[in-house]
Amino acid sequence: MVEEEAKSSPMELSEKRGVENNGFVQNEASEDKETNPSTQEEMPKACIVDADPAAMEEPVLKPYAGMPKEVLLKFSSQARYRVTREILFWLIIATAVLLVGATIAIIALSPKCLDWWQAGPIYQIYPRSFKDSNMDGNGDLKGIQEKLDHITYLNVKTIWITSFYKSPLKDLGYGAEDFYDVDPMFGSMSDFENLLAAIHDRGLKVIMDLIPNHTSDKHQWFQLSRNRTGKYTDYYIWQDCGHAAGSVIPPNNWVSVYGDSSWQFDDVRQQCYFHQFGKEQPDLNFRNLAVQQEIHDIIKFWLGKGIDGFSFSAVKFLLEAKHLRDEPLVNKSQNPENITAYSQLYHDYTTTQVGMHDIIRSFRHTMNQYSSEPGRYRFMGSDGDEKEDMEATMMYYGTTFVQEADFPFNVNLINMKNLSGNSIFEAVDLWMKNMPEGKWPNWAVGSPSAARLSSRIGREYVNVMNMLLLTLPGTPVTYYGEEIGMQNIASEIVTFPEKSPMQWDGKPNAGFTEGNSSWLPVNPDYESVNVEIQMTWSNSTLNLYRELTSLRNDELPIHRGWMCYIWNDSNVFVYVRELDGLHRVFMMVLNFGQESTIDLKAVVPNLPSEATIRLSTNFSNAGKAVNTKQIKTEMGEGLILEYKTAKPVHTMEAFEGNCFVAEKACYSSAFNLLYATC
């Protein structure tokens, strides 16, 4: 028993030690050591010798990846980490404030961006003469769609399509029978929608005509009005007429634009209706608010379709004096009974009446309702007043506080009586000096109601006129065909010689139609004056036009800079285009007379002695250097000279009254951006 207990004591001790230090109880050898007295005495010593005092202390923790929250908090409160964290925090705040401040400053200092209707030329299309797609001899909407590549080739961004409403086509379709439909001659509403989508797909814009003053006598409104039906009874201007010896005696001496009395007796209503134009185009009664609302509804309909703007025509005729007094005679000694021509009267009571501008502003208000989307501003143009009354024309711009048209269309260059450097200067200066501050100018050298440029001033001046058009400040308007120098049809039997079909190529009918004939004869010169052949000529009118539009798009001074007149005489007109902060200047030397040599160094003392020809009506001159003391131009030649200077003309006191800028901007070469405050 005692022996068993003695035997068990070492075993128990071994088990206890095994519990305390399992790692050292491994095999039978350990049992032998346990039974050896000397071993039992050595083991505690071994433990003491092998123990590391440092290991007995609590280990020092250091930051490591993936540490738990409790460990992280121990370090985050330490000064070295807290200070670093606060420094980074305030740096981030300061940077954010700086970025916000810089953004606000850039926005505040940035000039107003040019809108789409300011950024490039407007290309005016008379649809009946542009391209025939169905071989009936009449141009149509599908034809326009077929030729959109030509528009993009010209670097044009906006298309202006003249009237294509359903109409009996009296006065070329400007008296609409239905404002909500397309005339079948031009296609269908589906054709228009497809054209509009194709135009927008190319990044282009489209504006269309609207003539609110009158309708066709075939219009439903007129038919209801002549029968005194409901609200339509007073949609037009009706007055009782006298009768004597089988003739109608009109209420007064008012005369139509086309001549003879502007009153026409209607057998159905037994009254006379008023018409400022043809008798088939009765004037609407704009003193009737219901009529005004009808026009607003028409505007909304087409804007809802997606068009980008309107050109409002004949707006000065919207209202007439209610008193119906006779208009005064131009020649007081003339017999009043012999008055038959429009020019024989002062039209004090039938044009530009009080309230007319309020109506136009209401049109603008309706269009603004569709202009809220970014990039979808709806353009509004209007025709002007009498060409002799520039002040009245400028009223269509509206005021600083009340918006009206974006601009009234400028026909000064079309209405010139003769061509010279002086007459060009006068036409340009007349508009620029009368235009309200902050407004945007525009220019045109052709239209559907004027002889073509080439026929009006001569083929030799077409290129220099296009150079003028595309380098003046503002929006240029090009009538179709002017980009290739088309002429009027030389025929006395043709009523509208300026509306001849577009000349696309040298094929029969100039590629306008594949049918046997066109609605007007094609100009016989189409084999040498057409788009296809001029694309292959480096020095053609077409390629010059394209080079000019490219230069306009690429160069800021021409795009939106200052214009300063330098010189004008009977032969040449000279002006510069400059931009504050940009030392590169463009000088236009345009010859509208005979061969000329001028010393511009004497006119502008700070002018460099040499300038480079950037572009010329003669392409072979591009890149050449010219002496500014002796600049020579041939008849009809145009030069765009480029030079560098630190003293631009618009900063010179001598030219203070000769410089204009519409949308002022300054260039920063350091940041390569524009800013408003120079």
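Novice: Hey, could you run me through a nonpolar patch on the surface in this one?
Specialist: On the surface, a nonpolar cluster with roughly 370 Å² of combined accessible area is contributed by Val83, Ile87, Leu88 and Leu91. Checked against the element boundaries, Val83 lands in helix H6 (residues 79-109).

Novice: I keep staring at the environment of Cys678 and nothing clicks. Help me out?
Specialist: In this fold, Cys678 is placed in the segment after strand S26 (673-675). Overall, Cys678 belongs to the exposed group, its relative accessible area being 53%. Taking the C-alpha atoms as reference points, Cys678 and Ala665, separated by 13 residues in sequence, lie 7.7 Å from one another. Once you skip the residues sitting within four places of it in the chain, Cys678 turns out to touch Asp580, Lys664, Ala665 and Cys666.

Novice: For this particular structure, what's the right way to read the sheet that holds strand S6 (residues 238-239)?
Specialist: In space, the 3 strands of this open sheet follow the order S6-S10-S9, with antiparallel pairing throughout. Sheet topology places S6 and strand S9 (263-266) at the edges, where each strand pairs with a single neighbour. As paired strands, S6 and strand S10 (residues 271-274) are joined by 2 bridges and run antiparallel to one another. For Trp238, the partnering residue across the bridge sits in S10 and is Tyr273.

Novice: How should I be thinking about the confidence of the model for the protein in this particular structure?
Specialist: Atomic detail in the predicted coordinates should be set aside for any region of low pLDDT. Per-residue pLDDT for the protein has a mean of 89; in total, 90% of the residues score no lower than 70. Ignoring residues within four places in sequence, the model shows residues 1-49, a span with pLDDT below 50, making 8 contacts including any to other chains.

Novice: Can you walk me through the state of the cysteines in this structure?
Specialist: Between two cysteines, a covalent bond joining their sulfur atoms is known as a disulfide. Counted by the stated rule, this structure contains 2 disulfides. Note on cysteine connectivity: Cys241 is disulfide-linked to Cys272, with sulfurs 1.6 Å apart. Here the residue Cys241 occupies a position in the loop between S6 and strand S7 (242-244), and Cys272 occupies one in strand S10, the gap between them amounting to 31 residues. The exposure class of Cys272 is buried, given its relative accessible area of 0%. Each disulfide pairs two cysteine sulfurs, and for Cys564 the partner residue is Cys659, the sulfurs being separated by 2.1 Å. Here Cys564 and Cys659 share a disulfide; its torsion about the S-S bond, 120 degrees, makes the bridge right-handed. One end of the pair, Cys564, is in strand S16 (residues 562-568); the other, Cys659, is in strand S24 (residues 659-660), and 95 residues separate them in sequence. On the basis of relative accessible area, Cys564 is assigned to the buried category, the value being 0%. According to the relative accessible area criterion, Cys659 is buried, its value standing at 11%.

Novice: Is there a simple way to think about the side chain of Asn509 in this case?
Specialist: Residue position: Asn509 is located in the loop between strand S15 (475-479) and helix H18 (531-536). Judged by relative accessible area, Asn509 falls into the buried class, the value being 17%. From its side chain, Asn509 meets the backbone oxygen of Gly515 in a polar contact 3.2 Å long. When residues no more than four places from it in sequence are discounted, the contact partners of Asn509 are Gly515, Asn516, Ser517, Ser518, Val522 and Tyr526.

Novice: Would you explain the environment of Pro521 in this entry?
Specialist: Tracing the backbone through its elements, the reader meets Pro521 in the loop between S15 and H18. Along the chain, Pro521 and Pro501 lie 20 residues apart, while their C-alpha atoms are 7.4 Å from each other. Excluding anything up to four places from it in sequence, Pro521 contacts Ile489, Val494, Ser500 and Pro501.

Novice: For this particular structure, what's the right way to read the sheet that holds strand S21 (residues 625-627)?
Specialist: Each strand in a sheet pairs with another by means of backbone hydrogen bonds, the pair being arranged parallel or else antiparallel. If you walk across this open sheet you meet the 7 strands as S21-S20-S23-S18-S17-S16-S24, and the pairing is antiparallel. Pairing within the sheet leaves two strands with one partner each, and these edge strands are S21 and S24. Sheet analysis places strand S17 (residues 572-579) next to strand S18 (residues 582-591), joined by 7 bridges and oriented antiparallel. Within the sheet, the bridge partner assigned to Val574 lies in S18 and is Val589. Lying over the sheet, helix H19 (residues 541-554) contacts strand S20 (610-616) and strand S23 (638-644), oriented at roughly 120 degrees with respect to S20.

Novice: Would you mind going over the packing of aromatic side chains with me for this structure?
Specialist: Each aromatic ring pair is characterised by the separation of its centres together with the angle its planes make. Summed over all chains, the structure comprises 42 aromatic pairs. On the basis of an interplanar angle of 70 degrees and a centroid distance of 5.4 Å, the ring pair of Trp254 and Phe274 is categorised as edge-to-face. A residue pair is termed long-range when its members are at least 10 positions apart, and Trp254 in the loop between strand S8 (247-249) and S9 and Phe274 in strand S10 qualify at 20 residues. Judged on exposure class, the residue Trp254 and its partner Phe274 are both buried. The ring of Tyr349 has Arg325 sitting right over it, with the charged end atom 5.6 Å from the ring centre.

Novice: Where do I start with the packing of helix H12 (residues 289-305) against helix H13 (residues 356-368) in this structure?
Specialist: How two helices pack is summed up by the angle between their axes together with the distance between the axes. The geometry of H12 relative to H13 is characterised by a closest axis approach of 10 Å and an angle of 35 degrees between their N-to-C directions. In the packing of H12 onto H13, the handedness of the crossing is right-handed. Each of Gln292, Ile295, His296, Ile299, Lys300 and Leu303 in H12 lies in contact with H13, whose residues at this interface are Ile359, Ser362, Phe363, Thr366 and Met367. Residues of the contact of H12 with H13, tallied by class, amount to 6 nonpolar, 4 polar and 1 charged.

Criteria and thresholds
Residues numbered from 1 in each chain as written. Predicted model: local features only at pLDDT ≥ 70, side-chain atom pairs only at ≥ 80, totals over all residues. Heavy atoms only, no water. Patch = residues over 30% accessible without salt bridge, like charges linked within 9 Å, V, L, I, M, F, W, Y side chains within 5 Å. Areas by Shrake-Rupley, 256 points an atom, 1.4 Å probe, with all protein chains shown as cover. Salt bridge = Lys/Arg side-chain N within 4 Å of Asp/Glu carboxyl O. Helix = DSSP H or I, 4+ residues; strand = E, 2+ residues; numbered from the N terminus. Buried < 20%, exposed > 50% of the residue type's maximum accessible area, 1.4 Å probe, protein only. Contact = heavy atoms within 4.5 Å. Pairing = 2+ DSSP bridges. pLDDT = per-residue confidence, 0-100. Disulfide = S-S within 2.5 Å. Polar contact = N/O pair within 3.5 Å; in protein donor to acceptor, adjacent residues only side chain to side chain. Axes fitted to C-alpha atoms, helices over the stretch in contact; angles between N-to-C directions. Phe/Tyr/Trp six-rings, centres within 6.5 Å; stacked < 30°, edge-to-face > 60°. Lys NZ or Arg CZ within 6 Å of the ring centre and 35° of its normal. Left-handed = near helix turned anticlockwise from the far one by under 90°. Nonpolar A, V, L, I, M, F, W, Y, C, P; charged D, E, K, R; others polar.

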